[in-house]
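Structural characterization, general
So you can see what is in the structure, the chains are spelled out below.
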Amino acid sequence: MVGHVSRDRRQGGVSGNRAIVTGAARGLGEAVASRLVADGWHVALVDVVDEVETTAAALAATAPDATVVGIVADVSRENDVERAVTQAADVLGGLDALVNNAGIGGSDTPVVDTSLDAFHRVLDVNLVGSFLVARAVATVLLAQGSGGAIVNLGSILGQRGEAGSAAYSASKAGVTLLTQALALELGPHAIRVNTVAPGNMATEMHWEYVRDLAAQMDVGFDEARDHVRSGIPLGRHGTGDDIAGTVAWLLSDDASYVTGQTIGVNGGVVLS
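What you see is a predicted model; the values in this text were computed from it and never measured. (Residues numbered from 1 in each chain as written. Predicted model: local features only at pLDDT ≥ 70, side-chain atom pairs only at ≥ 80, totals over all residues. Heavy atoms only, no water.)

1. Structural notes on helix 1 (residues 27-38)
Filter applied, for reference: Helical segments are the DSSP runs of H or I of at least four residues, strand segments are the runs of E of at least two, and each set is numbered from the N terminus. Multiply 1.5 Å by the residue count of a helix minus one, and that product is the helix's expected span. Buried residues are those whose accessible area, probed at 1.4 Å on protein chains only, stays under 20% of the maximum for their type, while exposed residues exceed 50% and partly exposed ones sit between those limits.
Between its first and last C-alpha atoms helix 1 spans 17 Å; for 12 residues at 1.5 Å apiece the expected length is 16 Å, and the two agree. Among the residues of helix 1, Leu-28, Gly-29, Ala-31, Val-32, Ala-33, Leu-36 and Val-37 are the ones counted as buried.

2. Details of the pattern of salt bridges
Heads up, the condition is: Salt bridge criterion: a side-chain nitrogen from Lys or Arg within 4 Å of a carboxyl oxygen from Asp or Glu.
Under the counting rule described, the total for this entry stands at 12 salt bridges. For Asp-226, the salt bridge identified is with Arg-225, shortest N-O distance 3.3 Å. A cluster of three or more residues bridged by salt bridges with shared partners is formed by Glu-78, Glu-82 and Arg-135.

3. Quick look at the confidence of the model for the chain
As a reminder, the rule being used: pLDDT is a residue-level measure of predictor confidence that goes from 0 to 100. By definition in these notes, contact holds between two residues if any of their heavy atoms fall within 4.5 Å.
Across the chain, the average pLDDT comes to 92, with 94% of residues at 70 or higher. Under a pLDDT of 50 for its full length, residues 1-10 has, in the predicted model, 22 contacts with residues more than four places off or in other chains.

4. Digging into the packing of aromatic side chains
Defined as follows: Stacked, tilted and edge-to-face pairs are distinguished by plane angle, under 30 degrees for stacked and over 60 for edge-to-face with tilted covering the rest, among Phe, Tyr and Trp rings (Trp via its six-membered ring) whose centres lie within 6.5 Å.
Here the structure, examined in full by the defined rule, presents 1 aromatic pair. For the ring pair Trp-207 and Phe-221, a centre distance of 5.7 Å and an interplane angle of 70° mean the geometry is edge-to-face. Of the two residues, Trp-207 sits in helix 6 (residues 204-217) while Phe-221 sits in helix 7 (residues 221-229), which places them 14 residues apart along the sequence. A relative accessible area of 18% places Trp-207 in the buried class. Overall, the relative accessible area of 30% leaves Phe-221 in the partly exposed class.

5. Here's the deal with the environment of Val-46
Note that Val-46 resides in strand 2 (residues 42-47). Residue class for Val-46 comes out buried when judged on its relative accessible area of 3%. What Val-46 contacts, discounting residues up to four positions off in sequence, is Ile-20, Val-21, Thr-22, Gly-23, Ala-24, Val-52, Ile-71, Ala-73 and Ala-84.

6. Some points on the nonpolar core
The test is simple: Nonpolar cores are built from buried Ala, Val, Leu, Ile, Met, Phe, Trp, Tyr and Cys residues. Side-chain atoms within 4.5 Å join them into one set.
By size, the foremost hydrophobic cluster in this structure holds 33 residues, and its most contacted members are Leu-36, Leu-45, Ile-243 and Leu-251. Of all the secondary-structure elements, those providing two or more residues to this core are strand 1 (18-22), helix 1, strand 2, helix 2 (51-62), strand 4 (97-100), strand 5 (148-153) and helix 8 (240-251).

7. Focus on the sheet that holds strand 3 (residues 68-72)
The cut-off we apply is this: A pair of strands is labelled paired if DSSP reports no fewer than 2 bridges between them. For helices, the fitted axis covers only the stretch in contact; all axes are lines through C-alpha atoms, and the angles between them, taken along N-to-C directions, range from 0 to 180 degrees.
If you trace the 7 strands from one edge of the open sheet to the other, you get 3-2-1-4-5-6-7, paired in parallel fashion. If you trace the sheet from one side to the other, it starts and ends with strand 3 and strand 7 (262-265), each paired once. Strand-to-strand twist of the sheet, defined as the mean angle between neighbouring strand axes without regard to direction, takes the value 15°. Here strand 1 runs beside strand 4; their pairing, made up of 3 bridges, is parallel. Pairing of Ile-20 across the sheet is with Leu-98, part of strand 4. Along the sheet, helix 1 makes contact with strand 1, strand 2, strand 3, strand 4 and strand 6 (191-198), crossing strand 1 at roughly 165°. Against the sheet, helix 4 (residues 116-144) contacts strand 1, strand 4, strand 5 and strand 6, and its axis sits at roughly 175° relative to strand 4.

8. Overview of the pairing of strand 1
Filter applied, for reference: The handedness rule is simple: strands pointing away from the viewer, and a clockwise path from the first strand over the helix to the second, make the crossover right-handed.
Among the 5 residues of strand 1, 5 are classified as buried, and the element is accordingly described as predominantly covered. Residues Arg-18, Ile-20 and Thr-22 line one face of strand 1 and the alternating positions Ala-19 and Val-21 line the opposite face, and both faces are buried. Note: strand 1 against strand 2, 5 bridges, orientation parallel. Counterpart to Arg-18 in the pairing with strand 2 is His-42. The handedness of the strand 1 to strand 2 crossover, carried by helix 1, is right-handed.

Shown next, in the form of structure tokens:
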């Protein structure tokens, strides 16, 4: 079995190596889960699509000593979340960390053209879903009494709004303040909570935005992509590995004095 890392709970360290990663069937969530498995974690991958079970099986094949399980659940549904977290804790023998990655982009429409149902759906998945999973995992961590860590996925659009992104920006800004409230409540129990805020990542959600931008600019996809990159100080799109590395650090003892923070992983866009 993978070695169990212990640390004085008053120092804010993660006492073990059992994690839940939501939205893990593909994209950033899959990259995070893959990094954790490679680092010796036992991981429960949660996603609304059946593909999560295939992803989990593929990761399990890379690490025979790790316990890796895929769980199908909708993070916006309370009963689904309770079932998924209970199953994950049972299979992994407890929990030490959560990566709240599940999210959707929603429609790219002005507020006046956005339906209430569309607005609700984005908040239900991105914000309410993060709350439900964090609440369920925090309940387990508090019962164990051994500390832990939670990383919520925000967004650069939760730090600054853009036209057409009202629902998404509101949901991700809410995640940031949810993180701060959780950090204050859970800190005395040696449970750290932080936000990672990606920007301009090479994901299908972002490529959809680039395709829409190309149509607006009446140019090809490559030209629109390069236009986006021209505004990124590091000159490239981010990758799943960029996010996974940041998450791995936040879950490690190297970040044992870091809580309530929002870590931007965006190539320096907020500086431009």
